[in-house]
Amino acid sequence: MIDHQSSWATDDVRMFRTMVRQFIQREFLPHQARWRQQHRPDGDAWTAAGRAGLLLADVPEEYGGGGGTFAHEAVVLEELARAGVDFASSIQTIVARYILAYGTEHQKRRWLPPMAAGGLVGAIAMSEPGAGSDLQGIKTIARRDGDHYVINGSKTFITNGCNAGLVCAAVKTDMTATPMRGISLIVIETTKLPGYQVGGSLEKVGLQAQDTCELFFDDVRVPVDHLLGGVEGRGFAQMMEQLPYERLTVAVSAVANAERAVAITTAHAKERRAFGKSLIDFQNTRFKLAECATEARIGRVFLDHCIERFIAGELEDLTTAMAKYWLTDSECRIVDECVQLHGGYGYMTEYPIARMWTDSRVHRIYAGTNEIMKEVIGLSL
Ligand SMILES: Cc1cc2nc3c(=O)[nH]c(=O)nc-3n(C[C@H](O)[C@H](O)[C@H](O)COP(=O)(O)OP(=O)(O)OC[C@H]3O[C@@H](n4cnc5c(N)ncnc54)[C@H](O)[C@@H]3O)c2cc1C
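Attention in this report is confined to the structure presented alongside it. (Residues numbered from 1 in each chain as written. Predicted model: local features only at pLDDT ≥ 70, side-chain atom pairs only at ≥ 80, totals over all residues. Heavy atoms only, no water.)

Some words on unusual backbone geometry
- Its identity is not glycine, yet Phe157 carries a phi of approximately 60 degrees, on the positive side.
- Here Phe157 is to be found in strand β3 (residues 148–159).
- Given the relative accessible area of 58%, Phe157 is considered exposed.
- Even without glycine at this site, Ala367 takes up a positive phi of about 60 degrees.
- Position of Ala367 relative to the elements: it lies in the loop between α10 (352–360) and α11 (370–380). (Helix = DSSP H or I, 4+ residues; strand = E, 2+ residues; numbered from the N terminus. Buried < 20%, exposed > 50% of the residue type's maximum accessible area, 1.4 Å probe, protein only.)

Shown next as structure tokens:
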């Protein structure tokens, strides 16, 4: 691993990192093969993570969170990436952020403490079979009926979908309004909820241990006070406000993965021999690794700048879009080169670099595709 001290890593954050690293090594790493086979983490992994303080690390303590900053959240993401563990605690935080930003005091006190403890797993359900990038095109509808909304429709590609007891869903509450003004966010408590159905785990090329599902809503009744923000029609604006946070979390994982790829490939190149010498003794290997290490370092410096600015409340959405696009493209370039430097072993799932190759690919797709990021950047020019 390239030794680099991030400016945002205070003593408190460093201590937190040590604890998180030990927890992941002890509690998560030994179960990775089973998680991958069952396509989801064990249910009790969530409560263990909650007890250890890995969940909602940057949510205020009064709501059960860790009371930290985004630095603490970044540490959790980096340590998961460095250990090669798929665990979508970031989605838990993202759902919590919507509740924190737009929830009433009652909603915050009802949902955030059990989410921090891991007894309640959250999912964010925006994408549908017919609408991903174009969120204005969603078709899931919530019709008001007395004190309830009646929800019909479906969502796809939902991370934490199978384990989720709480789904923050984007729905149409007004079919006559412009698409931007017709969308609302409604929080759905899914346990024993009539009409709510979870599809089987979707077969993915990577992130095998991550729980990704379709969700179906057939006349699902949700109390009207589960609307986020108190007024219908604010959902699209709320998503646009919160998506940059999600994009920053993806950028954090991307840089950690790029650094890990360089580290494990360097170790492999020192150990593996061909033509009577170590792979690292070939100039091409050294040069390729030098290029990858340099690109990873550039990424780290840019990311650290973004994290510092985010903690200070000064990170613009535009820079976040740049970070999400460039750092995930860079991650994929580096990981692909590192697969090549591993030779045939780089194609074997037993080797971490092979899994990183399939796992990292989605970083360019979710949380807003990199093409959408370029649209955001391009439109601002
Ligand atoms: C593993 C995984 C986990 C996910 N988790 C979640 C989740 O938890 N919650 C959730 O709501 N969603 C989730 N998603 C969905 C994800 O956010 C979408 O897949 C993504 O936003 C892209 O939408 P789409 O798949 O419909 O592709 P499309 O929108 O159909 O895009 C297809 C292609 O067209 C390009 N394109 C589309 N519009 C434009 C444009 N205006 N300009 C230029 N190019 C364009 C895209 O960049 C892409 O290359 C997940 C997806 C995956 C694969």
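Once you've had a look at it, read on.
Some thoughts on the state of the cysteines
- This structure, assessed with the given rule, holds one disulfide.
- With a sulfur-sulfur separation of 2.2 Å, Cys162 is cross-linked through a disulfide to Cys213. Measuring handedness by torsion sign, the sulfur bridge of Cys162 and Cys213 sits at about -80 degrees and is left-handed. Of this pair, Cys162 sits in the loop between β3 and β4 (166–172) while Cys213 sits in strand β7 (residues 212–223), and the two are 51 residues apart along the sequence.
- Exposure remark for Cys162: the relative accessible area of 19% places this residue in the buried category.
- With no disulfide of its own, Cys332 lies closest to Cys338 among cysteine sulfurs, the gap being 12 Å.
- Lacking any disulfide linkage, Cys338 is separated from the closest cysteine sulfur, that of Cys292, by 4.5 Å.
- By relative accessible area, which is 0% here, Cys338 ends up buried. (Disulfide = S-S within 2.5 Å.)

Things to note about the site of the ligand
- In the vicinity of the ligand, 18 residues are found, and the nearest of them are Ser127, Ser133, Phe157, Thr369 and Glu371.
- The separation between an oxygen atom of the ligand and a polar main-chain atom of Gly132 is 3.3 Å.
- At a separation of 2.7 Å, a nitrogen atom of the ligand approaches a polar backbone atom of Phe157.
- Considered on its own, the ligand offers 970 Å² of accessible surface; in the complex 65% of this is hidden by protein. (Near = heavy atom within 4 Å. Polar contact = N/O pair within 3.5 Å; in protein donor to acceptor, adjacent residues only side chain to side chain. Areas by Shrake-Rupley, 256 points an atom, 1.4 Å probe, with all protein chains shown as cover.)

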